[in-house]
Each structure stands twice: as structure tokens, then as C-alpha cells.
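# A look at the structure
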Amino acid sequence: MVQFDFTAARVNEDGELCLKVINTPAARQFVLGMRERMYTCKVKEYRQKRSLDANAYFWVLCDKLAEATNQPKELIYREAVRNIGGNCDTVCVINSAVNKLRQMWQHNGLGWVTDVLPSKVRGCTNVIVYYGSSTYDRSQMARLIDNIVQDCQAVGVETLPPDKLEALKDEWAR
């Protein structure tokens, strides 16, 4: 798969999509290497990725909270994923496929968890599929960390002082 970031686009009279790409040499290399076959292009709005510092800080707090509460940090992580909002979809699944869907979804990673709810559709179950933090944008990661900071403070686990936490959040916003 090839990915290009672009800042402008237009379509000419021949139906050709023209993009103003950020990395011209990479785009040129792709075009020169194309074969005569059909290609598919998916376009989504650019969202700046979270910093690795945010992820590292989350796991430090997760570990401290696990120690303070005598719970596995994996359980703490999974519950944190469930609680941030804006990171799940609900799908209606035939009852016989529920277990397979849940197993396959959870193979994506530690935070890719599922919950089930009854469906009004006969013979079906609603499955809530949560996306793991590896897919989070900065806003979602900030909520994840805000929540674990609150959890840590509630049991007396030391966290960054508010001014340093704000500086870290400012760094995520850039």
C-alpha cells in the first residue's frame, strides 16, 4: 500500500484526479512504477498522530495503577479503552457468528475488546467492537490519559504536576 498526504485536489475534464502532494519524489516513484491495471484509492481527512511520549506515559501510569490496586495492567488498559468514548462501533451479528467475530477482533491487539448486548433482531446479537489505542488520534489519547490520571489520583498514585501535564498536552496538540 502507498500513502500520500496532499493539500489540494482537482478533477480535470478527462476525469483525472490531480493531487498537490507533500512528498513529490515518492508520488513520482509510484507513478513511474505503476503497471497497467486497476487501482483503488481511499481518501480520508488527515489527522495528526499522537506522540509516542503520550503512549509511554499512559503505560507508566497504567503500571503504577496496577501496582496500587493489585489488578493486572492489561485489565486496567482494556477498561480504559472502554471508557474514553468515540472509539467503538456496534454491529448486529447472527448469533452463530458472535464468538468467531469476537475472537478475530481481539487478535488485533490487547485493547481491541468486545462486549455483547441483546439485539431486537431475532437470532442476532449486538457486538460492540472497541478499537485499541494504536489507532487513536491525539484527542482520543488525551482522553485516555486524562482518565487514567484521575484513576491514579483517586488511589494516591503520583502523576505529573498539572503544569507538566498541560505542557505534555500542548506537545500533543502540535
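See the structure shown above.
Residues numbered from 1 in each chain as written. Predicted model: local features only at pLDDT ≥ 70, side-chain atom pairs only at ≥ 80, totals over all residues. Heavy atoms only, no water.

## What about the environment of Cys18?
Tracing the sequence through the fold places Cys18 in strand E2 (residues 17-21). Under the relative-accessibility criterion, Cys18 is labelled partly exposed at 23%. Through-space distance from the C-alpha of Cys18 to that of Ala8 is 8.4 Å; in sequence the pair is 10 residues apart. The contacts of Cys18, once residues within four sequence positions are left out, are Ala8, Ala9, Arg10 and Asn12. (Helix = DSSP H or I, 4+ residues; strand = E, 2+ residues; numbered from the N terminus. Buried < 20%, exposed > 50% of the residue type's maximum accessible area, 1.4 Å probe, protein only. Contact = heavy atoms within 4.5 Å.)

## As for the layout of surface pockets
Taken as a whole, the largest pocket spans an internal volume of roughly 1400 Å³. What lines the largest pocket is a set of 35 residues, and nearest its centre among them are Val2, Gln3, Phe4, Lys42 and Val43. Top element by residues in the lining of the largest pocket is E2. It accounts for four residues. Residue composition of the lining of the largest pocket, by class: 19 nonpolar, eight polar and eight charged. (1 Å grid on protein atoms, 1.4 Å probe; cavity = no way out; pocket = protein on both sides within 12 Å on 5 of 7 lines; lining within 4 Å. Points joined across faces, edges and corners; volume = space filled by probe spheres on them. Nonpolar A, V, L, I, M, F, W, Y, C, P; charged D, E, K, R; others polar.)

## Notes on the pattern of salt bridges
Within this structure, the stated rule accounts for three salt bridges. The shortest N-O distance in the salt bridge between Asp63 and Lys73 comes to 3.8 Å. Placement of Asp63 in helix H2 (residues 52-69) and of Lys73 in helix H3 (residues 73-83) is noted, with a sequence separation of 10 residues between them. The partly exposed category is assigned to Lys73, whose relative accessible area is 31%. Among the salt bridges present, the one from Glu79 reaches Arg82, with a minimum N-O distance of 3.1 Å. Taken together, the residues span about one helical turn, with Glu79 and Arg82 both in helix H3 at a distance of three residues. When its relative accessible area of 35% is taken as the criterion, Glu79 is described as partly exposed. Because the salt bridges share partners, they merge into one network encompassing Glu79, Arg82 and Asp115. (Salt bridge = Lys/Arg side-chain N within 4 Å of Asp/Glu carboxyl O.)

## Description of the environment of Ile94
On the secondary structure map, Ile94 appears in strand E3 (residues 88-94). Separated by 25 residues in the primary sequence, Ile94 and Ser119 have C-alpha atoms spaced 9.9 Å apart.

## Comments concerning the sheet that holds strand E5 (residues 124-130)
Taken together, the three strands give an open sheet; going across it, the order is E3-E5-E4, and neighbouring strands pair in antiparallel fashion. In this open sheet, the two edge strands, each paired with only one partner strand, are E3 and strand E4 (114-118). The mean angle between the axes of side-by-side strands here comes to 30°, regardless of whether they run parallel or antiparallel. Here seven bridges tie E3 to E5, and the two strands are oriented antiparallel to one another. When the sheet's bridge partners are listed, Cys88 is paired in E5 with Tyr130. (Pairing = 2+ DSSP bridges. Axes fitted to C-alpha atoms, helices over the stretch in contact; angles between N-to-C directions.)

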